[in-house]
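Architecture and fold: a report
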Amino acid sequence: MADKPTALEDRGADVRLRSPSAARNREPVLGVLRRVLPADGRVLEIASGTGEHAIHFARAMPGLTWRSSDPDAASRASIVAWIESEGLANILPPLEIDTRSANWGIEDERFDAIVSLNMIHIAPWEAALGLIDGAARLLKANGVLFLYGPFKRDGAHTAPSNEAFDASLKSRDPSWGVRDVGDVAREAQRKGFSLMEIEEMPANNLCVVFAR
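The following paragraphs examine the structure supplied in this document. Computed from a predicted structure; not experimentally measured.

1. Here's the deal with the overall build of the protein chain
The helix and strand tally for the protein chain stands at six helices and eleven strands. Its C-alpha atoms give the protein chain a radius of gyration of 16 Å, near enough to 17 Å, the size a compact globule of 212 residues would have. C-alpha extents for the protein chain along the principal axes are approximately 45 × 40 × 30 Å. Looking at the protein chain as a whole, 51% of its 212 residues qualify as buried. The contacts of the protein chain with a sequence gap of at least 6 include a subset with a gap of at least 24, amounting to 71%. When the accessible surface of the protein chain is totalled, it reaches about 9,700 Å², and 49% of it is carbon and sulfur. Side chains of the protein chain give 25 positive and 30 negative charges; the mean places of these two sets differ by 2 Å.

2. With respect to the pattern of salt bridges
With the rule as written, the count across this model stands at 15 salt bridges. Taking the shortest distance from any N to any O, the salt bridge between Arg 35 and Glu 197 comes out at 2.7 Å. In this pair, Arg 35 sits in helix α1 (residues 20-36) while Glu 197 sits in strand β10 (residues 194-201), placing the two residues 162 residues apart along the sequence. Judged by its relative accessible area of 46%, Arg 35 is partly exposed. Look at Glu 197 and you get buried, because its relative accessible area is 19%. It is possible to trace a salt-bridge network through shared partners that takes in Arg 35, Glu 197 and Glu 199.

The rules we used
- Residues numbered from 1 in each chain as written.
- Predicted model: local features only at pLDDT ≥ 70, side-chain atom pairs only at ≥ 80, totals over all residues.
- Heavy atoms only, no water.
- Helix = DSSP H or I, 4+ residues; strand = E, 2+ residues; numbered from the N terminus.
- Rg over C-alpha atoms; globule rule 2.2 N^0.38 Å.
- Buried < 20%, exposed > 50% of the residue type's maximum accessible area, 1.4 Å probe, protein only.
- Contact = heavy atoms within 4.5 Å.
- Areas by Shrake-Rupley, 256 points an atom, 1.4 Å probe, with all protein chains shown as cover.
- Lys, Arg positive; Asp, Glu negative; His and termini not counted.
- Charge placed at Lys NZ, Arg CZ, Asp CG, Glu CD.
- Salt bridge = Lys/Arg side-chain N within 4 Å of Asp/Glu carboxyl O.

The quantities given are spatial measurements derived from coordinates; they are silent on function.
What follows is the structure, encoded as structure tokens:
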């Protein structure tokens, strides 16, 4: 279950946010990213949240240019503040992207990978469909679509904690919820993607990797 991001303390007007869950999962996720992403290229991250993942991954993989995004203004402000504080040259300012839109405002750009962590369960199913549609439009041939978070498998939760998390999400918004890998894979395959691998991660999460 993701923790609620909090502002950094005792820093005056500093708008950087941090998430304890991002600090916990960034190294395991990075291990998979190092294996499935190219050494050089352009990556678009959807729903970058606090920006901590983007900073960590951009620092660890300097050959990649990291393009962050988030539909939330406070999150984008946090990402900008993290970029300014860390001074990394290979991470770009965040875009405002709602995956349900048919045009993300970057239709002339192409990417080697699109990465989305902990998004499709905290959003309507239409956001997941829009993510897949956007990846089909913007990824280069052989590009990677990388998803991370809790998932069902064959219609069943993988742990009681995920089942409880799913119920909590649906109590907040009935359109939210833990998605089934099979449902996501079927929609991705309709758009020309193949399922490369499913990697089990700590805290009953999965990395689900597709290739165009």
